[in-house]
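# Structure assessment
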Amino acid sequence: MDPLTKIESRTVVLDVDDVDTDQIIPARFLTTTSRDGLGEHLFRDWRYREDGSRRDDFVLNSPAARDCSILVAGRNFGCGSSREHAPWALLDYGIRAVISSEIADIFRSNSLKNGLLPIVIDKAPHDWLLQNPGVQVGIDVAASCVTLPGGETAAYSIDAFARYCLVRGLDQLGFLQKHAEAITDYEENRQWTP
Amino acid sequence: MTAGEPRTLFDKVWSDHIVVEETPETPAILYIDLHLIHEVTTPQAFTILRDAGLPVRRPDLTLGTMDHSTPTTPVRTFKDLEIVGEGAARQVMQMQENCREFGLELFAFDSPHRGIVHVIGPELGATQPGKTIVCGDSHTSTHGAFGALAFGIGTTEVGHVLATQCLLQRKPKTLSIDISGSLGPGVTAKDLILAIIARIGVDGGTGHVIEYRGKAIAGMAMDARMTVCNMSIEAGARAGMIAPDDVTFDYLNGRPRAPKGQDWEAAVTRWRALCSDSGARFDKTVSVRGEDLQPMITFGTNPGMAVPINAPVPEINGNASLRKALDYMAIIPGKPLTGTRIDIVFVGSCTNARLSDLQQAANILRGRKVAPGTRMLIVPGSQQVKKDAEALGLHDVFIAAGAEWRESGCSMCLGMNGDTVPRGQLSLSTSNRNFEGRQGSGARTVLASPLTAAASAVRGCITDPREFL
Ligand code: SF4
């Protein structure tokens, strides 16, 4: 994983609440055995019609959206299934951060393991971002802070360990492996065995 | 926490599995007692192991099945089975290869134990009180019905568990949902959980582990408790738990993977302590009156958009999400859904495809026919459920009614295996998600209980099951 320290981008705004992972990546694309190439199917059924033609009115199809790496979404983004294909698809498309006022637990955890930054901010700045699509926003990962166009900042909270790993590009498996001895101790000393 | 302070069921299971305590800087390392795996969310995890040259730490605590992309069309022998789609076929093959290479037990096509991952764990007695159980699947919450701490994880985490048998976790908050009284006739566990989600919202449990308690829960059989815990994730909670009791122990006693003899006695003694102490503190509490509940039905595109079956669908009143949902569903606000014509009825999924679910459907279908123009699929949750149902002659009831009787699998719950709802058609499904396109591109889904499903299949339109009781 590459270190993630700063993101500077215009925003693309998807003003829909409760976006579920079946929308982010429909189940029929989960038969893949790799992590690559899922961006093509991101929001597939919102981006394309049944006959395969593009829906030009869908925000991720607008030319302005193409280079945006920050997605501002409605409340409770990423609810539903545990498919890690959802953050994989967003990353493959070019999204590096999702900003909302609430993000579902499993999606958030999956995102952090892949270098996709899930950002939960207060309702007021979230509402403002929803109403002002395409603004230039800066994210300072080490400081856990979003800078809005006028220089105003909105702090967000993120698990300290997840941030540490993101900023250094560390894989969390390494941390677990360092505790191999503690794991063996636990296995040998527990009161009952599964 | 000081010693002697009353603890919740969750606290007890959590602290029993701490390998390394959490600190402000680092999450806890939590030991996992049972890791269930299936073909869709594991291929990339095995790649992690292979790339790092790592073995599976505890093959003996890992159990594999194939359920999501497997066909459910009836076959005489499993050699005749044809997997729909190249991707699905490759995935199933890789699952078999991965399990062989890493020495993991897999219930493959010819296994009598194969089935939906959340049906087979309990059925085998592998799901037990006090265990930590994970799977790359959000409905792992199902296993919490036994007083296990069970939750869904992503594929990277599947890799972590395969390699270390542990997960990095922050301690979640707790939410107590107390259900008093008992459920009325025609009102099932499915109606209860839909009513709870409608009340607290699809994010009402985010960041929390739910404990379902109260008289209505104590009065439920294990199948029903599993239905309730199964849909905890639909309220945003990763896990739902129910304290184990004699109902739990009776269910487990004698199952293939349950403890035997002296071990059984010791286990039951240990399990009896797994309940929330009186005075234990929860971060949030909700109370529900069981006797007030009605059969429920969803009208929108998430499981929180549900109403009692005879109640009108809410008016839009400027609510953009509701407008979008009703547009997609082609459902008119302000009127009840009863009488709406349905194209497909699906009885299946890890929510409602256990034996008692099929019995409930059969009780209404016995001696009746599925309405002309309506297609009904009945997909048992496992090969064992299929066998048990056939021993009771339920398959004869279904076939005589004109329904399709299938092999086990996820099937039309998520339409990965070729069983899909055609675009625009309305499906009444006993599964757990009515998201746009969940059952197939452009498919429209309403969720309800197996009783409502069977009653509606007979009439060909959405029907209050109490008309048949
Ligand atoms: S039945 Fe549906 S919800 Fe359950 S595991 Fe299968 S796909 Fe997931």
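Notes on the structure in this doc start here. (Residues numbered from 1 in each chain as written. Chains lettered and ligands numbered in written order. Predicted model: local features only at pLDDT ≥ 70, side-chain atom pairs only at ≥ 80, totals over all residues. Heavy atoms only, no water.)

Turning our eyes to something else, we now look at the overall build of chain B. Counting its regular elements, chain B contains 15 helices and 19 strands. The C-alpha radius of gyration computed for chain B amounts to 21 Å, which stays within 12% of the reference 23 Å derived for 469 residues, consistent with globular compactness. Taking as baseline every contact in chain B between residues at least 6 positions apart, the subset at least 24 positions apart corresponds to 75%. Of the roughly 15600 Å² that chain B leaves accessible, carbon and sulfur atoms contribute 51%. When the 46 basic and 49 acidic side-chain charges of chain B are each reduced to a single mean position, those positions are 3 Å apart. (Helix = DSSP H or I, 4+ residues; strand = E, 2+ residues; numbered from the N terminus. Rg over C-alpha atoms; globule rule 2.2 N^0.38 Å. Contact = heavy atoms within 4.5 Å. Areas by Shrake-Rupley, 256 points an atom, 1.4 Å probe, with all protein chains shown as cover. Lys, Arg positive; Asp, Glu negative; His and termini not counted. Charge placed at Lys NZ, Arg CZ, Asp CG, Glu CD.)

Counting its secondary structure elements, chain A contains eight helices and seven strands. Seen through its C-alpha atoms, chain A measures out along the principal axes to roughly 60 × 45 × 25 Å. Counting all 194 residues of chain A, 57% fall into the buried class. Taking all contacts inside chain A whose residues are at least 6 apart in sequence as the whole, residues at least 24 apart take part in 64%. Only carbon and sulfur atoms are counted for the fraction: they give 45% of the accessible area of chain A, which is about 8100 Å². Across chain A, the centroid of the 20 positively charged side chains sits 3 Å from that of the 29 negatively charged ones. (Buried < 20%, exposed > 50% of the residue type's maximum accessible area, 1.4 Å probe, protein only.)

What follows covers the site of the ligand. In the vicinity of the ligand, the contacting residues are His68(B), Ile116(B), His118(B), Asp137(B), His139(B), Ser349(B), Cys350(B), Cys410(B), Cys413(B), Leu414(B), Asn432(B) and Arg438(B). Taking a 2 Å distance to the grid points as the criterion, the majority of the atoms of the ligand fall inside the largest cavity. (Near = heavy atom within 4 Å. 1 Å grid on protein atoms, 1.4 Å probe; cavity = no way out; pocket = protein on both sides within 12 Å on 5 of 7 lines; lining within 4 Å. Sits in = over half its atoms within 2 Å of the grid points.)

What follows concerns empty space enclosed by the protein. All names here are of chain B. The tally for this structure, following the rule as stated, stands at four cavities of 30 Å³ or more. Of the voids in this model, the largest cavity is the one considered here, and its volume is about 220 Å³. As for the largest cavity, its lining consists of 21 residues, and the residues nearest its centre are His68, Asp137, His139, Leu414 and Arg438. For the lining of the largest cavity, the class distribution of residues is seven nonpolar, ten polar and four charged. When its volume is computed, the second largest cavity comes out at roughly 170 Å³. (Points joined across faces, edges and corners; volume = space filled by probe spheres on them. Nonpolar A, V, L, I, M, F, W, Y, C, P; charged D, E, K, R; others polar.)

Right, let's get into the interface of chain B and chain A. Listed by partner, the interface residues are 63 residues for chain B and 53 residues for chain A. Approximately 4900 Å² of surface area, both sides summed, lies buried where chain B meets chain A, with 57% of it carried by carbon and sulfur atoms. Where chain B packs against chain A, one counts eight salt bridges. Going through the elements one at a time, strand E1 (18-20), strand E2 (28-31), helix H2 (43-52), helix H3 (86-102), helix H5 (155-164), strand E8 (166-169) and helix H11 (320-329) of chain B are the ones with two or more residues in the side of chain B that touches chain A. Looking at the side of chain B that touches chain A residue by residue, the class counts come to 23 nonpolar, 22 polar and 18 charged. (Buried area = accessible area lost by both parts, 1.4 Å probe. Salt bridge = Lys/Arg side-chain N within 4 Å of Asp/Glu carboxyl O.)

What follows concerns the layout of surface pockets. Estimated volume of the largest pocket: approximately 920 Å³. Every residue lining the largest pocket is counted, 33 residues in all, and those nearest its centre are Asp105(A), Arg108(A), Arg170(B), Gly207(B) and Arg238(B). Mapped by element, the contributors of at least two residues to the lining of the largest pocket are helix H4 (105-112), strand E4 (117-120) and helix H6 (160-168) of chain A together with helix H1 (9-16), strand E7 (149-152), E8 and strand E10 (208-213) of chain B. A total of four residues in the lining of the largest pocket trace back to one element, the largest contributor, which is H4(A). For the lining of the largest pocket, the residue count by class is 16 nonpolar, seven polar and ten charged.

This part covers the pairing of strand E15 (residues 344-347) of chain B. Residue and element names in this part refer to chain B. Alternating residues of E15 divide into Ile344 and Phe346 and Val345 and Val347, and every residue in both groups is buried. Note: E15 against strand E16 (residues 375-378), four bridges, orientation parallel. Across the sheet, residue phenylalanine 346 finds its bridge partner in E16, namely leucine 377. After leaving E15, the chain enters helix H12 (residues 355-365) and then returns to the sheet as E16, a path that is right-handed. Where E15 meets strand E18 (residues 426-429), three bridges bridge the pair, whose relative direction is parallel. For isoleucine 344, the partnering residue across the bridge sits in E18 and is serine 427. (Pairing = 2+ DSSP bridges. Right-handed = clockwise from strand over helix to strand, strands pointing away.)

As for its position among the elements, Ser141(B) is in the loop between strand E6 (132-135) and E7. Excluding residues that lie within four positions of it along the chain, Ser141(B) makes contacts with Ala150(B), Cys229(B), Asn230(B), Ser232(B), Ile233(B), Arg238(B), Ala239(B) and Gly240(B).

What follows covers the packing of aromatic side chains. By convention here, two paired aromatic rings are described through the distance between centres and the angle between planes. Applying the stated rule across the entire model yields twelve aromatic pairs over all chains. Consider the rings of Trp264(B) and Trp271(B), whose centres lie 5.6 Å apart with planes at 90°: the pair is edge-to-face. For the residue pair Trp264(B) and Trp271(B), the accessibility class agrees, reading buried in each case. Clustering of aromatic rings is evident, with ring pairs tying together Phe43(A), Trp46(A) and Phe58(A). In this structure, Arg190(A) is placed above the aromatic ring of Trp192(A), and the distance from its NZ or CZ to the ring centre is 4.5 Å. (Phe/Tyr/Trp six-rings, centres within 6.5 Å; stacked < 30°, edge-to-face > 60°. Lys NZ or Arg CZ within 6 Å of the ring centre and 35° of its normal.)

Bringing the side chain of Glu407(B) into the picture now. Its place among the elements puts Glu407(B) in the loop between strand E17 (404-405) and E18. A polar contact is formed between the side chain of Glu407(B) and the side chain of Gln383(B), at a distance of 2.9 Å. (Polar contact = N/O pair within 3.5 Å; in protein donor to acceptor, adjacent residues only side chain to side chain.)

Attention now goes to H6(A). At 3.6 residues per turn, the α-helix brings residues three or four places apart onto the same side. Among the residues of H6(A), Phe161(A), Ala162(A), Cys165(A), Leu166(A) and Val167(A) are the ones counted as buried. Of the surrounding secondary structure, the elements contacted by the buried residues of H6(A) are H4, E4 and helix H7 (172-178) of chain A together with E8 of chain B. Count one or two residues on from H6(A) and you reach Gly169(A), which has phi positive near 70°.

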